[in-house]
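So you can see what is in the structure, the chains are spelled out below.
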Amino acid sequence: MTFDLQLSLSDLLLMLPELWMTLWICVVLCVDFLLPRLSQRTIAALSVSGLGVVLCVLLGYYALGTHGLLFKGMFVLDGLALFFKIFVVVSAMLVLLASMDYVERFRLFKSEYYFLVMLAALGMMFMASANDLLSVFVTLEFSTFGFYVLVAYLRDDLRSSEAGLKFFLLGIFAAALLVYGISLVYGETGTFIFPDIAAGDADLTPGLVVGWLLIFAALGFKIGAVPLHSWIPDTYQGAPTPVTAYLSIAPKGAAFAILLRIFFSTLIVFKPQWVWLMIGTAILSMLYGNIVAIAQKNIKRMLAYSGIAQIGNILIGMAAGTQMGAEAVLFYLLTYLFANIGAFAVIIAFSQTSRSDEIEDYSGLNRRSPFLAFSMLIFLLSLAGVPPLAGFIGKIYLFAAAIKEELYSVLVVALVSIVIAMYYYIIVIKKMYISEPDDPTPIPVPGALQAVIYVSLAGTLLLGIWPQPFMTFSVAVAAGLLP
Amino acid sequence: MTDSILLSIILFAPFIGAAVLIFVSNRQALLVRQIAVVSSGVSFVASFILLFVFDWEKGGYQFQQKYVWSEQLGIQFYLGVDGIGVPMVLASAILLFAGVFISWHITDRIKEFYAFLLVLAGATIGVYVSLDLFFLYFFYEMSVIPMYPLLGIWGSHTKGYLEMTTPEQQAQRDSPGFILNFGRNSKEYAAMKLTLFLSAGAVMALMGILLIYKFSGLNTFDIPLLAEQGHFDGTLATVIWLLCFFGFASIAPLWPLHSWSPVGHAAAPAATSMLHAGVLMKLGHFSIIRTCFQILPDQTRDLMVIAAVLCVGSILYGGYVAYHARDTKYIIGYSSSSHMGYVFLGMAALDYISLTGAVLYMFAHALATGMLFAMAGWVYDQTHTRDIPSLGGLMTKMPFVSGCFIVACMASIGMPGTVNFVAEVMIVLGSWTAYPVQTIIAVLGIVLTMAYLFRMMRGLFYGQLSELGRHAHDTRTWHDRLPLLIMIACSVAFGIMPGLLLDVIRSGVDPILSRIIEVVPMVTQAGGALVP
């Protein structure tokens, strides 16, 4: 086997966002140790502006319809990859902005925090482009390494250390499953590249079944679907809140990029076999996430369980296994992005003053900060799926995709769980609006956090009231997904 | 007609008002009230224009507006009213406008209050003007949510709940078994029960709507189109019908799905009770007409007998509980749920006269119950209790309110001269051939209504003046009296001239019913009498 890698400069243009990102990460790191007197806010602004450039390039690529393959089909740039890269970069930008005030709590390595966030984003951008099993493994681990450090960033906090350890051990375990699965699939098919596997029309031998199951398990760990969710609550609770926000959005999105490529593009001929896997995980995630969320006293834990349930919702679209299902998954991820980042931004703003994440302490938030209470109301109602907010349209899109495939069992569970979810979201609303505060001092909201909350509010309302452009976007992106 | 924006004005004025309120400070109470008055006033005036401009001779859907909202899902933002929608839009706008004045005394977080109230009323109007199933559900679900903060923040606990002060009882208050402790609920409990109950009903209806969407094969939520071209047969149609019927009947509220409603009424502030009992509950009947009657006419013919059976439960149980209740709002709440049985009877009979009567009754009941709740709210604000035995003799303290209250009671029992009378007579006449037993029970129910309403009137306004009523005073300012006068004026005006509404309603009922029963539609004779 000869190794010849012929690359022209124009080919590398396909990787321009990643290359720029790599360069910028180095710049941020160097600026930090070359100019030690620079405040962390400047570093943050520098990072955000770098990401802004990447976002512009990505949007430009989308407008131009740039696409192509690199490295013999290992790296793909298509609509789906662009969608998830935009998704990751937007969430990283919002997280960086939301972190600016939180970072003051770290005693050491304030600026390295930004470096790590961007490094994880870079890994996830590669994940969106992964077109073969090897790059799936490499990029997945690449993005997770950043998170291992970030989760344990509050060094003196036992919970943060616990979260880091738990995340690390289970993450490594998932990685082992992934490698083993990949080796089995390679043994059966003789290739790593997704299109080649799809073209190979192999029979569904036991080795292949086990291999793909293991790969699904590893990705299921990433998105936190039941029964692979056990790391989520503790990690979410212990990690620094901006990291939790990041963790609850970006890796899940990137993992869905891979899931869509594997199950929709590669394994669609086996849909009758894997649809039960999706239905089962969806039902379990929705029921478990929603029911356990009722009992939570900590708002980060509650959002962790509600996130498990939201993933169950998204898996409905996967179970549909159609073009419409893929569109619904993408659209729902957008609605989830804004509502979830917004909710976590409110939690950060609240904990800056109160140093607490207990739901009990949210009593009377409406009297202390009407803005925060109103924003939280909108974000929680969007997560609950109440019109006219984004989450409602997202759910209807998923349900419409599912009913066209006659997936009644999963739909009934989804509808029942809407009612259950309503209960625990409303409990928080009750605390904020109905209960009286113990300590009525107003809560100031720093400018950067305000910006994040405003962007999230705008996204949540816009997607809910005028979803057509975003739906068109999802449709265009999902167009080439199914063979 | 397609370019008319009248419906958009009625629909969006409250929402725009609510959006503007976000940017106003709570300290500028007068400005907040002014914005609420202006935005609800625009709807109020525009809906009267709608009534008079609506061309009942032409019938059908009018003032249509249609925009593609989502191509992929086949959703259109499709507004339009027929003869059934017009009176309900009018009732919503009247009650909203009155409710804004009724809530004038609220001082705590006033801007949030008015914003939620406007969203509630706007969403209700939205259901009545939607001709797209998706938007019908959209506004339906949207109207449920503001109820939670409205009840939870500005509502009130029941007397039984407040009396539980010993540590033992307080422990009992938080125990799960407390759910069964009727009449002793906190406002938070009432709000949560209402929200969950209505959400459960809503998702049931959503399943029905999704099944309609899937099996019509038209990839659309367009109600007129589905009614014309959608064909559903066999078990599937029955399942859809049952899902839609019981899903929407839970808000109506049909016995035995009614239990959230009196509890919710009792906890709510006056203006919310008015909108809630007046127009929110009618969303159920209206949506059943839009889904079951229009899209599934064959099943409606076979299955509507369910409503005819259950409505007896509503009428008798609601009346019985109301007769024994001591809390003014419980009495009015149960009387509402009892009166909703009449609407179901009128709908179940599948007769032109009775269905027209049922729609008219929805309008009439909105005004009557709105007045009752408004004045029960006034009495509560003045005396801080709703417990009838601890009140009495208020006639001397508040002659104006007492007078209005008597008129409202008369309207509620269907005195000739009020629009309720016309509606009740039509329901009874129309249902007689189909369901004579139920009709007799319904007439007896009217007697029961008289009994409990007169008893409440006596307990509140006559007899010895109680200690609690000593510092009560009458309505003094124009903004306290205006809403009561508006509602009375509408009730009496349409009672004397029901033809104004009846022609409009009939133009909506005829095409719907002609697809269910094969009878020649009625024609109007020279004297305005109805003959088959």
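Residues numbered from 1 in each chain as written. Chains lettered and ligands numbered in written order. Predicted model: local features only at pLDDT ≥ 70, side-chain atom pairs only at ≥ 80, totals over all residues.

1. Brief notes about the overall build of chain B
Scanning chain B from terminus to terminus reveals 23 helices and four strands. In terms of overall size, chain B behaves like a compact globule, its C-alpha atoms giving a radius of gyration of 22 Å where 532 residues would be expected to give roughly 24 Å. Here chain B holds 532 residues, and the buried ones make up 60% of them. For chain B, contacts bridging at least 24 residues in sequence account for 82% of all contacts bridging at least 6. (Helix = DSSP H or I, 4+ residues; strand = E, 2+ residues; numbered from the N terminus. Rg over C-alpha atoms; globule rule 2.2 N^0.38 Å. Buried ≥ 20, exposed ≤ 12 C-beta atoms within 10 Å, placed from the backbone. Contact = placed C-beta atoms within 7 Å.)

2. With respect to the overall build of chain A
Across its full length, chain A carries 20 helices and two strands. By the compact-globule yardstick of 23 Å for 483 residues, chain A fits well, its C-alpha radius of gyration being 21 Å. Expressed as lengths along the three principal axes of its C-alpha atoms, the size of chain A is roughly 70 × 60 × 40 Å. The burial tally for chain A puts 59% of its 483 residues in the buried class.

3. Quick word on the interface of chain B and chain A
Tallying the contact residues gives 24 residues for chain B and 25 residues for chain A. Those elements giving two or more residues to the side of chain B that touches chain A turn out to be β1 (62-70), α5 (133-144), α6 (147-154) and α9 (187-216) of chain B. Within the side of chain B that touches chain A, the residues separate by chemical class into 16 nonpolar, five polar and three charged. (Nonpolar A, V, L, I, M, F, W, Y, C, P; charged D, E, K, R; others polar.)

4. Points about the pairing of β1 of chain B
All names here are of chain B. In the sheet, β1 pairs with strand β2 (residues 75-81) via six bridges, with the strands oriented antiparallel. The residue bridging Val68 from the neighbouring strand is Gln76, located in β2. Hairpin connection from β1 to β2: four residues lie between these consecutive antiparallel strands, with Gly74 at a positive phi of about 70°. (Pairing = 2+ DSSP bridges.)

5. With respect to helix α13 (residues 299-320) of chain A
All names here are of chain A. The terminal C-alpha atoms of α13 lie 32 Å apart, and with 22 residues this matches the ideal 32 Å at 1.5 Å per residue to within 8%. Taking burial as the measure, the 22 residues of α13 include 22 buried ones, the bulk of the element. Count one or two residues on from α13 and you reach Gly321, which has phi positive near 65°. (Expected span 1.5 Å × (residues − 1).)

6. Looking at the packing of helix α16 (residues 305-324) of chain B against helix α17 (residues 328-348) of chain B
Residues and elements named next belong to chain B. It is at 8 Å that the axes of α16 and α17 come closest, and there the two elements cross at 160°. One finds that α16 runs roughly antiparallel with respect to α17. As for the relative orientation of α16 and α17, their crossing is left-handed in sense. The segment α16 lies against α17, with Val305, Ala307, Ala308, Cys311, Ser314, Ile315, Gly318, Gly319, Val321 and Ala322 engaging Ile331, Tyr334, Ser335, Ser337, Ser338, Met340, Gly341, Tyr342, Phe344, Leu345, Met347 and Ala348. When the residues that make up the contact of α16 with α17 are grouped by side-chain class, the tally is 15 nonpolar, seven polar and no charged. (Axes fitted to C-alpha atoms, helices over the stretch in contact; angles between N-to-C directions. Parallel < 35°, antiparallel > 145°, perpendicular 65-115°, else oblique. Left-handed = near helix turned anticlockwise from the far one by under 90°.)

7. Some remarks on unusual backbone geometry
Geometrically, the link from Val226 of chain A to Pro227 of chain A is a cis peptide bond, its omega value of 10° lying close to zero. Mapped onto the elements of the fold, Pro227 of chain A is located in the loop between α9 (206-223) and α10 (232-238). That bond from Trp255 of chain B to Pro256 of chain B is cis: its omega, 5°, falls within 30 degrees of zero. Within the secondary structure layout, Pro256 of chain B lies in the loop between α11 (234-249) and α12 (260-267). With a phi close to 55°, Phe63 of chain B is a non-glycine residue in the positive phi region. Tracing the backbone through its elements, the reader meets Phe63 of chain B in strand β1. Residue classification places Phe63 of chain B among the buried residues on the basis of 23 C-beta atoms within 10 Å. Even without being a glycine, Arg109 of chain B presents a positive backbone phi close to 45°. Within the secondary structure layout, Arg109 of chain B lies in the loop between α3 (85-102) and α4 (110-129).

8. Regarding helix α6 (residues 133-151) of chain A
All names here are of chain A. Here α6 contains 19 residues, and its C-alpha end-to-end distance of 27 Å stays within 8% of the 27 Å for a straight helix at 1.5 Å per residue. What α6 keeps buried is the set Leu133, Ser135, Val136, Thr139, Leu140, Ser143, Thr144, Gly146, Phe147, Leu150 and Val151. Where α6 is buried, its residues meet β2 (75-77), α5 (110-129), α7 (158-189), α10 and α11 (241-266).

9. Concerning the nonpolar core
By size, the foremost hydrophobic cluster in this structure holds 402 residues, and its most contacted members are Val117 of chain A together with Leu360 of chain B. It is helix α14 (residues 323-354) of chain A that contributes the most residues to this core, 22 residues altogether. Filtering out sequence-adjacent residues up to four positions away, Val117 of chain A remains in contact with Ala92, Val95, Leu96, Leu150 and Tyr246 of chain A. (Core = buried A, V, L, I, M, F, W, Y, C linked by C-beta atoms within 7 Å.)

10. Concerning the environment of Ile268 of chain A
All names here are of chain A. In this structure, Ile268 sits in the loop between α11 and α12 (271-294). Residue class for Ile268 comes out partly exposed when judged on the 16 C-beta atoms lying within 10 Å of it. Sequence separation between Ile268 and Ala198 is 70 residues; the distance between their C-alpha atoms is 8.4 Å.

11. Remarks on the environment of Phe113 of chain B
Residue and element names in this part refer to chain B. Topologically, Phe113 is positioned in helix α4. With 24 C-beta atoms counted inside 10 Å, the residue Phe113 sits in the buried group. Spatially, the C-alpha atom of Phe113 lies 38 Å from that of Met426, the residues being 313 residues apart in sequence. Not counting the four nearest positions on each side in its chain, Phe113 is found in contact with Ser103, Ile106 and Trp154.

12. A word on the packing of helix α4 (residues 79-99) of chain A against α14 of chain A
Residue and element names in this part refer to chain A. Where α4 contacts α14, the two axes come as close as 11 Å, and the packing angle between them is 5°. Taken together, the axes of α4 and α14 are roughly parallel relative to one another. Contacts from Phe83, Phe87, Ser91, Leu94 and Ala98 in α4 reach Leu330, Leu333, Leu337, Ile341, Ala345 and Ile348 in α14. Tallied by class, residues from the contact of α4 with α14 come to 10 nonpolar, one polar and no charged.

13. A look at the confidence of the model for chain B
Residue and element names in this part refer to chain B. Mean pLDDT for chain B: 84, with 93% of residues reaching 70 or above. Contacts for the low-pLDDT stretch residues 524-528, under 50 throughout, to residues beyond four places or in other chains number two contacts. Reported confidence for the predicted complex is 0.89 by ipTM and 0.91 by pTM. (pLDDT = per-residue confidence, 0-100.)

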